[in-house]
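Residues per chain are reported as follows:
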Amino acid sequence: MAGQGDDRLNILAGGASVTVAAVLAALKFWALLETGALSIAASLADNLLDLMVSLGGLAALVYAARPPDEDHAFGHSSAEDIAALGQSTFITVSALAIGGAAALRLMSGDIRPLEAEGWGMAVMGISILLTTGLVIGQRRVARRTRSRVVAADALHYLSDLLPNIGAIVSLYVAARWGVYSLDSIVALIAAVILLFGGARIGKGAFDALMDRRADPALIAGIERIARAHPGVHGFHDLKTRTAGARVFVNLHIELDGAQTLEEAHAIGAALRRKILKAYPETDVIIHKDPVGGRRAATPPGRAPDP
């Protein structure tokens, strides 16, 4: 589990993400007014999405630092998935609007000359520099804290570099050779990227809210750890579900029934620590059964069979 120092680093990374997204959104809005470029409009929409995602991520990091309470025994991380569904809807609507405008402009032949291309390229250049710096910083924090939220945010910003570079290319071609149709083509490509991104975010959030199992690679890793752990004769009923950045794990292990309760507890606690060390994003509950003791529980009021 992350310590308080790691929590602070994660929150600082989230705050930096929000700040960069807000600055870039303001710059690109001004550049859109100056140039009228649809490629910048696509990049602006993506930046507004970034701002929403970053705000949601920061809120999730702050909220996730709160301990479980009486009403939320498993924590509050599902709020992140609810926010992600709203974000995916925003992405889809923005992508359809930008893509539709670009397609109509291409089909109608209404290719409007762009203006102030130099200012537009300058703003997009600043955007690339700030985004690159943010990604480098976020990756360093994610490596140290192993926060999936920060790592995912860094990956999202990394994917934004392509629309930004495309906008610079379209503005340069328009300024140099007077070819303005490339702006609409870049906007269409950016809209497709946004649609795929929105679908991916929405699917991940929906799967988490529907208690879909964790990544098969993580499940296989937990199985390897349990199988090799000293004192564990077998395991069964390994169940997982995801909620935000957390993965909840339930595992039944089979132990020697002749050993003391204290010895059994020590084996289970050591196994839990080993799983948490390998997968810090997990919340692990381990049940202990005697070897071969997977029979159904005795119904109330009935004595166990001899």
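Scroll up to find the structure this text is about.
Residues numbered from 1 in each chain as written. Predicted model: local features only at pLDDT ≥ 70, side-chain atom pairs only at ≥ 80, totals over all residues. Heavy atoms only, no water.

> I keep staring at the sheet that holds strand β3 (residues 282–290) and nothing clicks. Help me out?
If you trace the 3 strands from one edge of the open sheet to the other, you get β1-β2-β3, paired in mixed fashion. Looking at the sheet topology across the chains shown, the edges are occupied by β1 (234–243) and β3. Taken over all neighbouring pairs, the strand axes of this sheet differ in orientation by 15° on average, direction set aside. Bridging between strand β2 (residues 246–255) and β3 involves 9 bridges; their strand directions are parallel. (Pairing = 2+ DSSP bridges. Helix = DSSP H or I, 4+ residues; strand = E, 2+ residues; numbered from the N terminus. Axes fitted to C-alpha atoms, helices over the stretch in contact; angles between N-to-C directions.)

> Got a minute to help me understand a nonpolar patch on the surface in this structure?
A surface patch of nonpolar side chains, amounting to about 470 Å² of accessible area, comprises Ile82, Leu85, Phe206, Leu209 and Met210. The set of elements that each furnish at least two residues to the nonpolar patch consists of α3 (78–108) and α7 (181–209). Inspection of the secondary structure assignment puts leucine 85 in helix α3. (Patch = residues over 30% accessible without salt bridge, like charges linked within 9 Å, V, L, I, M, F, W, Y side chains within 5 Å. Areas by Shrake-Rupley, 256 points an atom, 1.4 Å probe, with all protein chains shown as cover. Salt bridge = Lys/Arg side-chain N within 4 Å of Asp/Glu carboxyl O.)

> I would appreciate a short explanation of the nonpolar core in the present structure.
A general tendency of soluble globular proteins is for nonpolar side chains to be buried together. In terms of nonpolar packing, the biggest core is built from 20 residues, with Ile253, Leu271 and Ile275 touching the most fellow members. Elements with a minimum of two residues in this core: α8 (216–228), β2, α9 (261–278) and β3. Every residue in contact with isoleucine 253, bar those within four places of it in the chain, is listed here: Val232, Gly234, Phe235, Gly268, Leu271, Ile286, His287, Lys288 and Asp289. Judged by nonpolar contacts, the second largest core, of 9 residues, contains Ala21, Leu58, Val135 and Tyr157. (Core = buried A, V, L, I, M, F, W, Y, C linked by side-chain atoms within 4.5 Å. Buried < 20%, exposed > 50% of the residue type's maximum accessible area, 1.4 Å probe, protein only. Contact = heavy atoms within 4.5 Å.)

> Help me out: how do you make sense of α9 in this one?
Think of an α-helix as 3.6 residues a turn; residues three or four steps apart then line up on the same face. With 18 residues, α9 extends 26 Å from end C-alpha to end C-alpha; this agrees with the ideal 26 Å at 1.5 Å per step. Within the sequence span of α9, burial applies to Ala264, Ile267, Gly268, Leu271, Ile275 and Leu276. Viewed along the axis of α9, the buried residues span an arc of 165°, placing them on a single side of the element. When the buried face of α9 is taken as reference, the exposed residues oriented beyond 90 degrees from it are Glu262, Arg273 and Lys277. The inward-facing, buried residues of α9 contact α8, β2 and β3. (Expected span 1.5 Å × (residues − 1). Arc of directions from axis to C-beta.)

> Could you clarify how one ought to interpret the environment of histidine 236 in this entry?
Residue placement: histidine 236 occurs in strand β1. Assessed through its relative accessible area of 9%, histidine 236 is described here as buried.

> Please explain the packing of α8 against α9 as it appears in this structure.
A pair of packed helices can be characterised by two numbers: the angle between their axes and the separation between those axes. Axis separation between α8 and α9 bottoms out at 10 Å; the angle between their running directions is 145°. With respect to the hand of their crossing, α8 and α9 are arranged in right-handed fashion. Judged by residue contacts, Ile222, Ile225 and Ala226 of α8 engage Leu271, Lys274, Ile275 and Ala278 from α9. Residue composition of the contact of α8 with α9, by class: 6 nonpolar, no polar and 1 charged. (Left-handed = near helix turned anticlockwise from the far one by under 90°. Nonpolar A, V, L, I, M, F, W, Y, C, P; charged D, E, K, R; others polar.)

> Would you mind showing me how to read the pattern of salt bridges here?
Close approach of charged atoms lets side chains of opposite charge pair. Inspection of every chain in the model, using the stated rule, returns 3 salt bridges. Lysine 203 is paired through a salt bridge with aspartate 207; the nearest N and O atoms lie 2.8 Å apart. Here the residue lysine 203 and the residue aspartate 207 both occupy positions in helix α7, the gap between them amounting to 4 residues, near one helical turn. Judged by relative accessible area, which is 15%, aspartate 207 ranks as buried. Three or more residues joined by partner-sharing salt bridges are found here, namely Lys203, Asp207 and Arg212.

> Which parts of the structure should I look at to understand α8?
Relative to the 18 Å expected for 13 residues at 1.5 Å per residue, α8 spans 18 Å between its end C-alpha atoms, a close match to the ideal helical length. Within the span of α8, buried status applies to Leu218, Ile219, Gly221, Ile222, Ile225 and Ala226. Relative to the axis of α8, the buried residues are bounded by an arc of 160° and lie together on one face. Exposed positions of α8 whose direction lies more than 90 degrees from the buried face are Arg224, Arg227 and Ala228.

> Please clarify how the side chain of histidine 229 should be interpreted in this entry.
Tracing the chain through its elements places histidine 229 in the loop between α8 and β1. Residue histidine 229 is classed as buried on the basis of its relative accessible area of 7%. Among the polar contacts made by the side chain of histidine 229, one reaches the side chain of lysine 274 at a distance of 3.1 Å. Sequence-distant contacts of histidine 229, that is, excluding residues within four places in its chain, are made with Ile267, Ala270, Leu271 and Lys274. (Polar contact = N/O pair within 3.5 Å; in protein donor to acceptor, adjacent residues only side chain to side chain.)

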